[in-house]
Amino acid sequence: METKETKRKVETKKTKRRPSSSRQAAGSPAQDRDKSIAYQNKDIVSKLFGDRMKGKPLSLFGLGSDLKVVDVRPTNIPIVRARELRMDNLFELEDGSVAILDYESTCKEEDLTKYGRYILDVIDRYLREGKRPDVHMMVLYTADIEEAGTVLDRTACRIRTEAAYLVGVPSERWLAEARDRIAEGRVTDEVLMHLVILPLTYRGQEMKQKAIRQCVDLARQIPDKEQETFVLSGILSFTDKVIDKETTRYIKEVLGMTQVGRMLMDEGRQEGRREGRQEGRLEGRQEEARQTAMNMLQSGRFSVEEIKGFIPSLSLDAIEQIAESMGS
């Protein structure tokens, strides 16, 4: 496996306002909820995989580091943008440093600015905790990429990554070894990690989808449920950028009775209940606001604009519609 090592140092956000409307606008609570639902399973599998990476070295990814993971941290970057940024993995290492690990199936110069945001967010996050760890920005490239730029240099900042490439990996040999080791009951950390990243060692979408299915099927044959969970959560975490809808449906069927599948369903139910309670509270507050607006309109002493000033949670359009429904 080819690797490229460098260090990195870096120094270096407006939601669009939409016209008021009584209809649901993009970026409304319900749409934000949909976004969180989309991220939810990614959060769960990342945590399942990350927790089981503790004690394992980064060299298992083919990265030029033997440092071991000691903890896993949240990967979301809550910047004020229309779309939230997320790292693939954020690991705390045994030497006190942290490693951001992303994988890519494409190579664009703007990726380096994305990594810059990751790095700055991580630095800021730790500064707020009173900590100043060194930060590694590591990128694992699928077999589609043979070489990528690792430096973005400007007068004001410099962003550098540590890159590893899966091109040239003996995919079929890894697959055969995994089959043999599972059949023999001699499954090592190396074999487990090979299964996790194997789909990324193939070029093209068709080969990747086939490999994802093969690796999921092999993982289901692992007797140790902890090892099975590690591989399945890792596959889900690392292939989410390349997996297609048909393969996703297949994996959902396969995962139905596994520990990962049950955890996803259990967490989904809990999240649904939390969202239901939150949505109920929001609807209750909105109904209270509408009722207050009706009372103010009924009194005849307030204009629509004045009511808007007293009840900022209601748009002018919404108040006007209430007034029309009352015949005011």
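Let us now look at the packing of aromatic side chains. By the definition in use, this model includes 7 aromatic pairs. When the centroid spacing of 5.4 Å and the interplanar angle of 75 degrees are considered together, the rings of F49 and F238 count as edge-to-face. Within this pair, whereas F49 is found in helix 1 (residues 29–53), its partner F238 is found in helix 6 (residues 225–238), the two being separated by 189 residues in sequence. F49 sits in the buried class, given a relative accessible area of 0%. For the ring pair Y115 and Y118, a centre distance of 6.1 Å and an interplane angle of 50 degrees mean the geometry is tilted. Of the two residues, Y115 and Y118 both sit in helix 2 (residues 110–128), 3 residues apart, roughly one turn of that helix. Neither residue differs from the other here; Y115 and Y118 are each classed as buried. Grouping aromatic residues by their ring pairs yields a cluster made of F49, F61, Y103, F230 and F238. Against the face of Y103 rests K241, its NZ or CZ located 4.7 Å from the ring centre.

Take helix 10 (residues 316–326) next. Structurally, the α-helix is built with 3.6 residues per turn, so residues lying three or four positions apart point the same way. For helix 10, the set of buried residues is A318, I319, I322 and A323. Taken around the axis of helix 10, the buried residues stretch over an arc of 140 degrees, which confines them to a single face. In helix 10, the exposed positions that point more than 90 degrees away from the buried face belong to E324 and S325.

When pLDDT is averaged along the protein, the result is 78; 73% of the residues meet or exceed 70. pLDDT under 50 marks residues 2–40. Its contacts with residues more than four places away, or in other chains, come to 69 contacts. In this model residues 79–83 is a low-confidence stretch, pLDDT under 50, and it forms 10 contacts with partners more than four residues away in sequence or in other chains.

What follows is about the pairing of strand 5 (residues 89–93). With respect to burial, strand 5 is a largely interior element, 5 of its 5 residues being buried. Of the two faces of strand 5, the one holding N89, F91 and L93 and the one holding L90 and E92 are both buried throughout. Both strand 2 (residues 69–72) and strand 5 contribute to a ladder of 3 bridges, which runs antiparallel. Bridge assignment links D71 to a residue of strand 5, and that residue is E92. By the bridge criterion, 4 bridges tie strand 5 to strand 6 (residues 98–104) in an arrangement that is antiparallel.

How each quantity is defined
Residues numbered from 1 in each chain as written. Predicted model: local features only at pLDDT ≥ 70, side-chain atom pairs only at ≥ 80, totals over all residues. Heavy atoms only, no water. Phe/Tyr/Trp six-rings, centres within 6.5 Å; stacked < 30°, edge-to-face > 60°. Helix = DSSP H or I, 4+ residues; strand = E, 2+ residues; numbered from the N terminus. Buried < 20%, exposed > 50% of the residue type's maximum accessible area, 1.4 Å probe, protein only. Lys NZ or Arg CZ within 6 Å of the ring centre and 35° of its normal. Arc of directions from axis to C-beta. pLDDT = per-residue confidence, 0-100. Contact = heavy atoms within 4.5 Å. Pairing = 2+ DSSP bridges.

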